[in-house]
Amino acid sequence: MPPVPTDSSDTADSSTVSLPKQPAFQRFWCTRILSSLSFQMLAVAMGWHIYALTHSAFALGLVGLAQFLPMFLLTLVVGHFADRYDRRRIAAICQSLESVAALLFAWGTFGGWISAPVIYVLAACVGAARAFESPAVASLLPGVVPRGQLPKATAWATSANQTAQIAGPALGGLLYGIGPGAAYLACMLSFAAAATAVWGIPLRAKPASRAPVTLESVFSGIAFIRKQPVILGALSLDLFAVLFGGATALLPVFARDVLHTGPLGLGLLRSGTAIGALAGTIWLAHFPLRNRPGAAMFGGVIAFGVATLVFGMSRQFIVSLLALMALGASDTISVVVRLSLVQLRTPDEMLGRVSAVNSLFIGTSNQLGEFESGVTAGWWGARTAVRVGGIATITVALLWMKLFPELRNTRSLEREEELAPSA
């Protein structure tokens, strides 16, 4: 399919049009929500399926590890791809591969040959595809909206993920209750729709010229982040906070053994985090953080740890659901600040490489966090593991306030020198 023209009239005067009314951003938002919806449904189906087969919290952790390893191994490669080739094409190919993986899940379920090792292999394939997809889609945003609208666009883009995290787990749980194959088929169709939609995104500017591949350019994303203490502090804070506070990885255990609910209850619990996060992103889209975003991020991470503690102590479904909603709302602050810092403080020609490192941090905190949660739950039990994770999250936030004063004292999401009046 030929590339979509980059000088579309859809974006000509978009700086004066609100984001929800811009056709280019509408298409971007649809692509994000379709892909995220598919992945959330797939996560619920894989989690419940593997636990039903093995009855092991450690096996749940291995699913996260299987998704994380390809992302870790491919980080430097995927960033260069996102900066050298059409990001829309990369996203479409990856979403198509994820659709094929979901089809294989369905085939194996209907054929009766699905097993724990097969789930691990297919989870790794999905992880590899998302390793390429995530930085490609994330680095599309500056080419879709004017720079001045990036903080709001980031909040709205985050809301797409959160909307999917509300509908996806609940829908995945409902479909899994009908049959695992039905859930996997729905994932296949949604991934395919996302792959189709991404080609309809017109860009405001033509992609940058392809720089030659050198060892220095491959590692330039990491080098750039090391020289930016504000970005490094934000990425590492989010990494360790979610790594230790990964209560969502153990939701199948809590749903089945602590709260005594079924697949639909699991879907509702997973949606609880996203309901709170969606409320937070809508608020930030209308009232973006203009002053002291770093301090707000630290406050959000501490609240995240407190909500994790409450969830780990609860034995009531409603209390657990409310704790997850609070967890999601507090995490939103960290997500929006981190993504906005990356988008606004990184040159477009290397945004793909920096976004790939950012995706690695996210994948480490999410997928490797699932593995960590599974291991600690196997040692101490699920409830104790979650409570310890909440305490560790609060500790990390307090420590990072000392280690990264530049982040704590950040006055704006923009670079300070860009905000200074010209002479």
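Conventions and cut-offs
In every chain, residue numbers begin from 1 and rise along the written sequence. Residues qualify for local features only when their pLDDT is at least 70, as the model is predicted, and side-chain atom pairs are given and counted only at 80 or more; totals for whole chains, interfaces and linings, by contrast, use all residues. Neither water nor hydrogens contribute to the side-chain values; these are computed over all heavy atoms in the structure. Secondary structure counts use DSSP, requiring at least four H or I residues in a row for a helix and at least two E residues in a row for a strand, with both numbered from the N terminus. The rule is simple: take the accessible area with a 1.4 Å probe, protein chains only, and divide by the maximum for that residue type; under 20% is buried, over 50% is exposed, in between is partly exposed. The contact rule is simple, with two residues in contact once any of their heavy atoms fall within 4.5 Å. All accessible areas in this document rest on Shrake-Rupley with a 1.4 Å probe, and a residue is counted as covered only by the protein chains that are shown. Between the first and last residue of a helix there are one fewer steps than residues, each counted as 1.5 Å, and that sum is the expected span. The bend at a residue is defined as the angle formed between two axes, one fitted to the seven residues ending at that residue and one fitted to the seven starting there. Any Lys or Arg side-chain nitrogen found within 4 Å of a carboxyl oxygen on Asp or Glu counts as a salt bridge. Every axis corresponds to a line fitted to the C-alpha atoms, with the helix fit spanning only the stretch in contact, and the corresponding angles, defined between N-to-C directions, vary from 0 to 180 degrees. If an angle is under 35 degrees, it is roughly parallel; if it is over 145, roughly antiparallel; if it lies from 65 to 115, roughly perpendicular; otherwise it is oblique. In this scheme, a crossing is called left-handed if the near helix is turned counterclockwise away from the far one by less than a right angle; it is called right-handed if the turn is clockwise. The nonpolar core is taken to be a set of buried Ala, Val, Leu, Ile, Met, Phe, Trp, Tyr and Cys residues, with the residues joined through side-chain atoms within 4.5 Å. Polar contacts, as used here, are pairs of N or O atoms within 3.5 Å; protein pairs need one atom able to donate a hydrogen and one able to accept it. Residues neighboring in sequence count only if both atoms are side-chain atoms. For patch detection, residues must exceed 30% relative accessible area and be free of salt bridges, and they are connected within 9 Å for like charges or within 5 Å for nonpolar side chains (Val, Leu, Ile, Met, Phe, Trp, Tyr). Stacked, tilted and edge-to-face are the three classes assigned to paired rings of Phe, Tyr and Trp, where Trp is represented by its six-membered ring and a pair needs centres within 6.5 Å; plane angles under 30 degrees give stacked, over 60 edge-to-face, the rest tilted. Residue-level confidence of the predictor is what pLDDT reports, using numbers from 0 through 100.

Visitor: Would you mind showing me how to read the overall build of the chain here?
Guide: Across its full length, the chain carries 17 helices and zero strands. Looking at the chain residue by residue over its 423 residues, the buried ones come to 57%. Look at the contacts in the chain between residues 6 or more apart in sequence, and 88% of them connect residues 24 or more apart. Summed over all atoms, the accessible surface of the chain reaches about 16,900 Å², with 68% contributed by carbon and sulfur.

Visitor: Would you take a moment to explain helix α4 (residues 116-138) for this structure?
Guide: Count 3.6 residues to each turn of an α-helix, and residues three or four apart come out pointing the same way. With 23 residues, α4 extends 32 Å between its outermost C-alpha atoms, agreeing within 8% with the 33 Å of an ideal straight helix rising 1.5 Å per residue. Helix geometry: α4 is bent most strongly at R130, by close to 25 degrees.

Visitor: Please explain helix α10 (residues 251-258) as it appears in this structure.
Guide: Where burial is concerned, most of α10 is hidden: six out of the eight residues are buried. Residue H260 follows α10 closely and has a positive phi angle near 55 degrees.

Visitor: Whenever I open this one, the pattern of salt bridges confuses me. Can you help?
Guide: Should the charged atoms of two oppositely charged side chains come close, the side chains can pair. With the rule as written, the count across this model stands at two salt bridges. Close ionic contact of R88 with D86 constitutes a salt bridge, the shortest N to O distance being 3.0 Å. We classify D86 as buried; its relative accessible area is 16%.

Visitor: Sorry, what's going on with the packing of helix α11 (residues 263-286) against helix α13 (residues 317-345) here?
Guide: In a pair of packed helices, the angle between the axes and the distance between the axes together describe the arrangement. α13 packs onto α11 with a crossing angle of 40 degrees between their chain directions and a minimal axis gap of 7 Å. When the axis of α11 is compared with that of α13, the two are oblique. With respect to the hand of their crossing, α11 and α13 are arranged in right-handed fashion. Residue-level inspection shows G265, L268, L269, G272, T273, I275, G276, A277, G280, T281 and L284 of α11 in contact with α13, the latter providing F317, S320, L321, L324, M325, L327, G328, A329, T332, I333 and V336.

Visitor: Would you take a moment to explain the nonpolar core for this structure?
Guide: If you look at the biggest cluster of nonpolar residues, it comprises 52 residues, and the most contacted ones within it are L42, I50, F105, F254 and F311. No other element matches helix α1 (residues 23-54), which puts eleven residues into this core. Setting aside residues up to four positions removed in sequence, I50 forms contacts with H55, A59, L60, V63, A116, I119 and Y120.

Visitor: Any chance you could explain unusual backbone geometry here in plain terms?
Guide: With glycine set apart, most residues show a phi of negative sign, and most peptide bonds adopt trans. Located in the positive-phi region is H260, a residue other than glycine, with phi close to 55 degrees. Within the element layout of this structure, H260 appears in the loop between α10 and α11. Classification of H260 as exposed rests on a relative accessible area of 63%.

Visitor: Even after reading the chapter, I still don't get the packing of helix α12 (residues 293-313) against α13, so can you show me in this structure?
Guide: Packing of α12 against α13 brings their axes to within 8 Å, and their N-to-C directions diverge by 160 degrees. As far as their axial angle goes, α13 and α12 are roughly antiparallel. Regarding α12 and α13, the two cross each other, and that crossing is left-handed. Facing α12, whose interface residues are P293, A296, M297, G300, V301, A303, F304, A307, T308, V310 and F311, α13 presents V319, S320, A323, L324, A326, L327, S330, D331, I333, S334, V337 and R338.

Visitor: Which parts of the structure should I look at to understand the side chain of S236?
Guide: Along the chain, the position of S236 falls in helix α9 (residues 229-244). Within the structure, the side chain of S236 is placed 2.8 Å from the backbone oxygen of L232, a separation counted as a polar contact. A distance of 3.2 Å separates a polar atom in the side chain of S236 from the backbone oxygen of G233.

Visitor: Sorry, what's going on with the environment of A170 here?
Guide: Locating A170 in the fold gives a position in helix α5 (residues 150-178). Separated by 100 residues in the primary sequence, A170 and R270 have C-alpha atoms spaced 7.4 Å apart. Aside from chain neighbours lying at most four places away, what touches A170 is L264, G267 and S271.

Visitor: Where do I start with a nonpolar patch on the surface in this structure?
Guide: Together, V100, L104, W107 and W113 line one region of the surface with nonpolar side chains, adding up to about 410 Å² of accessible area. Checked against the element boundaries, W107 lands in helix α3 (residues 87-111). What makes W107 exposed here is its relative accessible area of 56%.

Visitor: What exactly am I supposed to notice about the packing of aromatic side chains here?
Guide: We describe a pair of aromatic rings using the distance from one ring centre to the other and the angle between the two ring planes. If you walk through the whole model with that rule in mind, you get five aromatic pairs. A centroid spacing of 4.8 Å and a plane angle of 20 degrees characterise the contact between F105 and Y184, whose relative ring orientation is stacked. Note that F105 is positioned in helix α3 and Y184 in helix α6 (residues 180-197), a separation of 79 residues in sequence. Each of the two residues, F105 as well as Y184, counts as buried.

Visitor: I'm lost on the environment of A186 in this one. Help?
Guide: In this structure, A186 sits in helix α6. Sequence separation between A186 and L37 is 149 residues, and the spatial gap between their C-alpha atoms is 9.8 Å. Ignoring sequence-local partners within four residues, the contact set of A186 consists of M41 and L175.

Visitor: What is the right way to look at the environment of D238 in this model?
Guide: By secondary structure assignment, the location of D238 is in helix α9. Exposure remark for D238: the relative accessible area of 5% places this residue in the buried category. Expressed as a C-alpha distance, the spacing of D238 and S334, which sit 96 residues apart in the sequence, is 6.8 Å.

Visitor: Where do I start with the confidence of the model for the chain in this structure?
Guide: Reading predicted coordinates in detail is not appropriate for stretches of low pLDDT. Per-residue confidence for the chain averages 77 on the pLDDT scale, and 82% of its residues sit at or above 70. In the model, residues 1-14 has pLDDT below 50 throughout and makes 34 contacts with residues more than four positions away in sequence or in other chains. Note on residues 417-423: pLDDT is under 50 here. Beyond four places in sequence and across chains, it has three contacts.

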